[in-house]
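# Notes for the structure review
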Amino acid sequence: LPSMRIVLVAALLGASIAGCAGLSSSALGLYLRFSPLIEGPRFAPVHVEVMLANESTSTLHRFDFVPANPTDPKTLRMLLTLRSVPGILRCRVVEGSSSSALPVVADDDDGDAISSPGELRTILANTSTNGGNIIKGKNGITFRLASVESSGDSSALISEAETFTQQFQLERGNLNLLTNSCFTYAYELLQFIDKKR
């Protein structure tokens, strides 16, 4: 049942960018990744992030929105009573290789880390294929939505996504489960990427 919900949410979040599919060596792979909350149970991948994978540079750009103090009991109490808490928008980069047999180090030691070289290689290797891939890792489930080509080069689109994220932090930096969650941010970032293609 939780897997069915994740598939449904991925479909809903990805529906607005369904027209982004296209094949090009300069295209970026667009993904949604569901993982457990920080310090949350592994069986509940309820956190979402947007990822842009660039196969030509073997980099994975991860964008998400988390509470500033995710392990503080006060944060949990406030979120569960539907109050806002300070949030942090993260732009993280994981470097690896889609074809190398060399080990790839996980990007961080959070519960949502890309946990294995195979998981990262699978993500990077699927950037030039057309939608529908599901990549299951130890710490989350990744859904490939599309290949995205921007009107400029791929590094410009990544830079614009980072700028969008910084602006979101300034204007809407408080996280609220009903009105401004990781899902809200992911949806708005997908809308932004769709407009920039």
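Model, not experiment: these values are computed from the prediction. (Residues numbered from 1 in each chain as written. Predicted model: local features only at pLDDT ≥ 70, side-chain atom pairs only at ≥ 80, totals over all residues. Heavy atoms only, no water.)

## Here's the deal with the overall build of the protein
Looking only at helices and strands, the protein features 5 helices and 7 strands. Moving toward the C terminus, one meets the helices and strands of the protein in the order α-β-β-β-α-β-α-β-β-α-β-α. Here the protein holds 197 residues, and 45% of them are scored as buried. Accessible surface computed for the protein: about 9,600 Å², of which carbon and sulfur atoms make up 57%. (Helix = DSSP H or I, 4+ residues; strand = E, 2+ residues; numbered from the N terminus. Buried < 20%, exposed > 50% of the residue type's maximum accessible area, 1.4 Å probe, protein only. Areas by Shrake-Rupley, 256 points an atom, 1.4 Å probe, with all protein chains shown as cover.)

## Considering the pattern of salt bridges
In this structure the tally under the stated criterion is 6 salt bridges. Put simply, Arg33, Glu49, Arg62, Asp64, Arg90 and Arg92 are held in one network by salt bridges that share partners. (Salt bridge = Lys/Arg side-chain N within 4 Å of Asp/Glu carboxyl O.)

## Concerning the confidence of the model for the protein
Reading predicted coordinates in detail is not appropriate for stretches of low pLDDT. Residue-level pLDDT values for the protein average 77, and 66% of them are 70 or greater. The spread of mean pLDDT over the elements of the protein runs between helix H1 (residues 2-14), the lowest at 47, and strand S7 (residues 174-175), the highest at 96. (pLDDT = per-residue confidence, 0-100.)

## Overview of the environment of Arg62
With respect to the helices and strands, Arg62 occurs in strand S3 (residues 59-67). Along the sequence, Arg62 and Arg33 sit 29 residues apart, while their C-alpha atoms lie 9.1 Å from each other. Within polar-contact distance, the side chain of Arg62 engages the side chain of Glu49 at 2.6 Å. (Polar contact = N/O pair within 3.5 Å; in protein donor to acceptor, adjacent residues only side chain to side chain.)

## Some points on helix H5 (residues 182-196)
With 15 residues, H5 should reach 21 Å at 1.5 Å per residue; the first-to-last C-alpha distance of 21 Å fits that figure. Where H5 is concerned, the buried positions are Cys182, Thr184, Tyr185, Ala186, Leu189, Leu190, Phe192, Ile193 and Asp194. Of the residues that open H5, the one with a side-chain oxygen 3.2 Å from the backbone nitrogen of Phe183 is Ser181. (Expected span 1.5 Å × (residues − 1).)

## Examining the pairing of strand S4 (residues 85-95)
Note that S3 and S4 share 9 bridges and pair antiparallel. By the bridge assignment, Arg62 is partnered in S4 with Arg92. Direction of pairing for S4 relative to S7: antiparallel, over a ladder of 2 bridges. Following the sheet pairing, Pro86 is matched in S7 by Asn174. (Pairing = 2+ DSSP bridges.)

## Brief notes about the environment of Phe34
Looking at where Phe34 falls in the secondary structure, it is placed in strand S1 (residues 28-35). Accessibility expressed as a relative area gives 1% for Phe34, which makes it buried. For the pair Phe34 and Ala44, spaced 10 residues apart in sequence, the C-alpha separation works out to 9.1 Å.

## Some remarks on helix H4 (residues 154-172)
An α-helix turns once per 3.6 residues; consequently, residues spaced three or four apart project the same way. For H4, with 19 residues, the first-to-last C-alpha span of 26 Å sits near the 27 Å given by 1.5 Å per residue. For H4, the complete set of buried residues consists of Ser154, Leu157, Ile158, Ala161, Phe164, Thr165 and Phe168. The buried side chains of H4 occupy one side of the element, clustering within an arc of 115° when seen end-on. Seen from the open side of H4, the exposed residues pointing more than 90 degrees away from its buried face are Gln166, Leu170 and Glu171. (Arc of directions from axis to C-beta.)

## Points about the sheet that holds S1
Overall, antiparallel pairing links the 7 strands, which are arranged S5-S6-S1-S2-S3-S4-S7 in an open sheet. Each edge of the open sheet carries a strand with a single partner, namely strand S5 (134-137) and S7. The sheet strands contacting helix H2 (residues 73-80) are S3, S4 and S7, and the helix crosses S4 at an angle near 110°. Sheet contacts for H4: S1, strand S2 (47-54), S3, S4, strand S6 (140-148) and S7; angle to S3, the most-contacted strand, approximately 10°. (Contact = heavy atoms within 4.5 Å. Axes fitted to C-alpha atoms, helices over the stretch in contact; angles between N-to-C directions.)

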